[in-house]
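Analysis of the macromolecular model
Spelled out, the chains give:
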Amino acid sequence: MALGQVWEKERWKAVGQHAFFAVVLTLSVLGALAGTDLTTGTALLGIGLAVGIAAWYAYWIVLRGGADRPPLPYLVGALAGWVIMAAVDPALLPVALAVLTPYWLRRAWWSAGGVLVLGGAWSWQRFSTDGSVGARTLTGCVLATAVAVTIVCYVATLDHESHKRQRLLDELTATQAERAAAERQAGTLAERQRLAREVHDTLTQGFASISMLLDAARDDLPPDSRAARRVEQAMRTARDNLAESRRLVQALRPASLDRTHLAEAVRELTTRLTEETGIEAYTVVTGKPMALPPSSEGELLRVVQEALTNARRHAHAVSVSVTLSYLGGLLAIDIQDDGTGFAPAARHAGIGLTTMRERIAALDGTFAVESGAGEGTTVAVTVPLPTEPSASVPAGPAAAEASPVAGTERLAPAP
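Note that this is a predicted model, so its numbers are computed, not measured. (Residues numbered from 1 in each chain as written. Predicted model: local features only at pLDDT ≥ 70, side-chain atom pairs only at ≥ 80, totals over all residues. Heavy atoms only, no water.)

**Notes on the overall build of the protein chain**
Spelled out, the test is: Under the DSSP-based scheme used, a helix requires at least four consecutive residues in state H or I and a strand at least two consecutive residues in state E, with every element numbered from the N terminus. Categorising residues by exposure relies on relative accessible area from a 1.4 Å probe, with only protein chains included: less than 20% of the type maximum marks a residue as buried, more than 50% marks it as exposed, and the intermediate range marks it as partly exposed. Each accessible area is a Shrake-Rupley estimate made with a 1.4 Å probe; only the visible protein chains count as cover when residues are assessed.
Scanning the protein chain for helices and strands turns up 11 helices and 6 strands. When each of the 415 residues of the protein chain is scored for burial, the buried share is 35%. Counting only carbon and sulfur atoms, one obtains 62% of the accessible surface of the protein chain, whose full area is about 23900 Å².

This is the structure:
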């Protein structure tokens, strides 16, 4: 239901409540004045008290918006005015129906009980005044009480059903929003996979073909000739771009997360880095691994990939460590290398660092880089873990053994 429709519905419900208060108060006062012989002063006092209760209601319920939750000062003041009115003329007892209007319309059983008590009180008042209660008077009281109970309970039931339907509509809206988000995520993943296939089938295959042709051309040239050296340079460039296109395909489609969790996928990254470059790379996991949404794990994995690529291509590092720390409601990831480092304040941030920062910001996390010339680089990332309980991730067989060998996963006991 639209916000405007909800507001319109609540407004009309409040208008109905105010009208009910005005009608009941007016009829109660007029009935009391018409049914007894009152002096002019007593009648004016009763009318004045009724106007005072109406003004008190208008201030606390109408102007200050207490229709849904009547404040305590309203109840105290209105009941005090009613007590005085009932003391002036017991026939004004039904005014309590108007005073308690904000309560009667929202609590069916309280409404029925209150009306029955007031009906009994009015009957007792007539008996104490006249010395007896005639059949006509008693029948009228019973019928009036039954009608009042029926009306109040009916209105309260309608209000209850209205709130129930509103809850169902809110749940339906939330479900539709979740479905739309899931469809958007599925569309994003499908587009990434399509781009990965396009890059693989065009750029990657093209660079691979160029490398093969240049390799064949080099064999046809005299060794150590100028042309052979240029072909060798072209081969290195083609191979570097081939590796970069493959890395791009992996970044677009982190297939490792399709079959495992984030910690294991990071371990595979460090293992592959060791196998391909000889850099001593390893993964450390502390705490109890918890599952994150697939999209969040994908973004974190790409951040780790970018940090390892920077350590590989720019830092000339000898060793790299990736630490994943599950700290209750927080996941901290530290990627540290012993490379050449740089001065972050004096160096313009490249597209890689900017992209990493944007990915973490989209996850409501924090991103920081600590580095210095000749001091290595540390990339620190923190992201919140899901607040709802989620299944813990098994650490796998590697949890039983802590190994210092490059590329293996070092698991610390959970705190």
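**Focus: the environment of L273**
On the secondary structure map, L273 appears in helix α9 (residues 262–277). Remark: the alpha-carbon pair of L273 and V320, spanning 47 residues in sequence, is separated by 9.4 Å.

**A short note on unusual backbone geometry**
Phi angles above zero are rare outside glycine, and D224 is one such case at about 60°. Looking at the secondary structure, you find D224 in the loop between α7 (135–219) and α8 (226–252). Look at D224 and you get exposed, because its relative accessible area is 70%. The phi torsion at D364 lies on the positive side, around 60°, for a residue other than glycine.

**Section: the packing of helix α2 (residues 40–63) against helix α3 (residues 72–88)**
Which entries qualify depends on this criterion: Axis lines are fitted to C-alpha atoms, over the contacting stretch for helices. Their N-to-C directions set the angle, which ranges from 0 to 180 degrees. The scheme is simple: roughly parallel for angles under 35 degrees, roughly antiparallel for over 145, roughly perpendicular for 65 to 115, oblique for anything else. Pairs of residues are marked as contacts when any of their non-hydrogen atoms sit within 4.5 Å.
The N-to-C vectors of α2 and α3 enclose an angle of 170°; their axes lie 10 Å apart at closest approach. By the angle class used here, α2 and α3 are roughly antiparallel. The segment α2 lies against α3, with T42, L45, G46, L49, A50, I53, W56, Y57, W60 and I61 engaging P73, Y74, G77, A78, G81, W82, I84, M85 and V88.

**Re the environment of L79**
Within the secondary structure, L79 sits in helix α3. Owing to a relative accessible area of 29%, L79 belongs among the partly exposed residues under this scheme. Distance in space between the C-alpha atoms of L79 and L100 is 8.6 Å, their sequence separation being 21 residues. Apart from the residues lying within four places of it in its own chain, the contact partners of L79 are V99 and L100.

**A look at the pairing of strand β3 (residues 330–337)**
The condition is simple: One bridge is not enough; two strands pair if DSSP finds at least two bridges between them.
Examined bridge by bridge, strand β2 (residues 319–327) and β3 share 8 bridges and lie antiparallel to one another. Bridged to V320 within β3 is D337. As consecutive antiparallel partners, β2 and β3 are separated by 2 residues, and within that stretch G328 has a phi angle of approximately 70°, a positive value. Note: β3 against strand β5 (residues 377–384), 8 bridges, orientation antiparallel. In the strand pairing of β5, I333 is matched with V381.

**Here's the deal with the packing of helix α10 (residues 294–313) against helix α11 (residues 351–362)**
Note the threshold: Two helices that cross are described as forming a left-handed crossing if the nearer one is turned anticlockwise from the farther one by less than a right angle, and a right-handed crossing if clockwise. In this count, Pro and Cys sit with the nonpolar residues alongside Ala, Val, Leu, Ile, Met, Phe, Trp and Tyr, while Asp, Glu, Lys and Arg are called charged and the others, Gly among them, polar.
At a closest axis distance of 10 Å, the pairing of α10 and α11 adopts a crossing angle of 160°. By the angle between their directions, the pair α10 and α11 is classed as roughly antiparallel. As for how α10 packs across α11, the hand of that crossing is left-handed. Between α10 and α11, the residues in contact are E299, L300, R302, V303, E306, A307 and N310 and G352, M356, R359 and I360, respectively. When its residues are assigned to classes, the contact of α10 with α11 shows 5 nonpolar, 2 polar and 4 charged.

**A look at the confidence of the model for the protein chain**
For the record, the criterion: pLDDT is a residue-level measure of predictor confidence that goes from 0 to 100.
Mean pLDDT over the protein chain works out to 77, with 77% of the residues at or above the 70 mark. Counting contacts from residues 395–415, a segment whose pLDDT is below 50, to residues more than four positions away or on other chains yields 42 contacts.

**Details of the packing of aromatic side chains**
What counts here: Any two rings among Phe, Tyr and Trp, with Trp reduced to its six-membered ring, count as a pair given centres within 6.5 Å; such a pair is stacked if its planes are under 30 degrees apart, edge-to-face if over 60, and tilted if neither.
With the rule as written, the count across this model stands at 4 aromatic pairs. Pairwise contacts between aromatic rings join F21, Y57 and Y74 into one cluster.

**Quick word on a nonpolar patch on the surface**
What counts is decided by this rule: Patch membership is restricted to residues that have no salt bridge and whose relative accessible area is over 30%. Joining uses 9 Å for like charges and 5 Å for the nonpolar side chains Val, Leu, Ile, Met, Phe, Trp and Tyr. Any Lys or Arg side-chain nitrogen found within 4 Å of a carboxyl oxygen on Asp or Glu counts as a salt bridge.
Where nonpolar side chains cluster on the molecular surface, the patch consists of L44, I47 and V51 and spans about 270 Å² of accessible area. Among the secondary structure elements, L44 is positioned in helix α2.

**Notes on the nonpolar core**
Short version of the rule: Definition of nonpolar core: a set of buried residues of the types Ala, Val, Leu, Ile, Met, Phe, Trp, Tyr and Cys, connected through side-chain atoms within 4.5 Å.
Core analysis: the largest hydrophobic core is formed by 36 residues, its most contacted members being L300, L324, L331, I333, I335 and V381. Of all the secondary structure elements, the ones that give two or more residues to this core are α9, β1 (280–286), α10, β2, β3, α11 and β5. At 7 residues, α10 tops the list of elements feeding residues into this core. Once residues within four sequence positions are removed from consideration, I335 is found in contact with V304, A307, L308, V320, S321, V322, T377, T378 and V379. L25, W82, M85 and V99 belong to the second largest nonpolar core, which has 26 residues in total.

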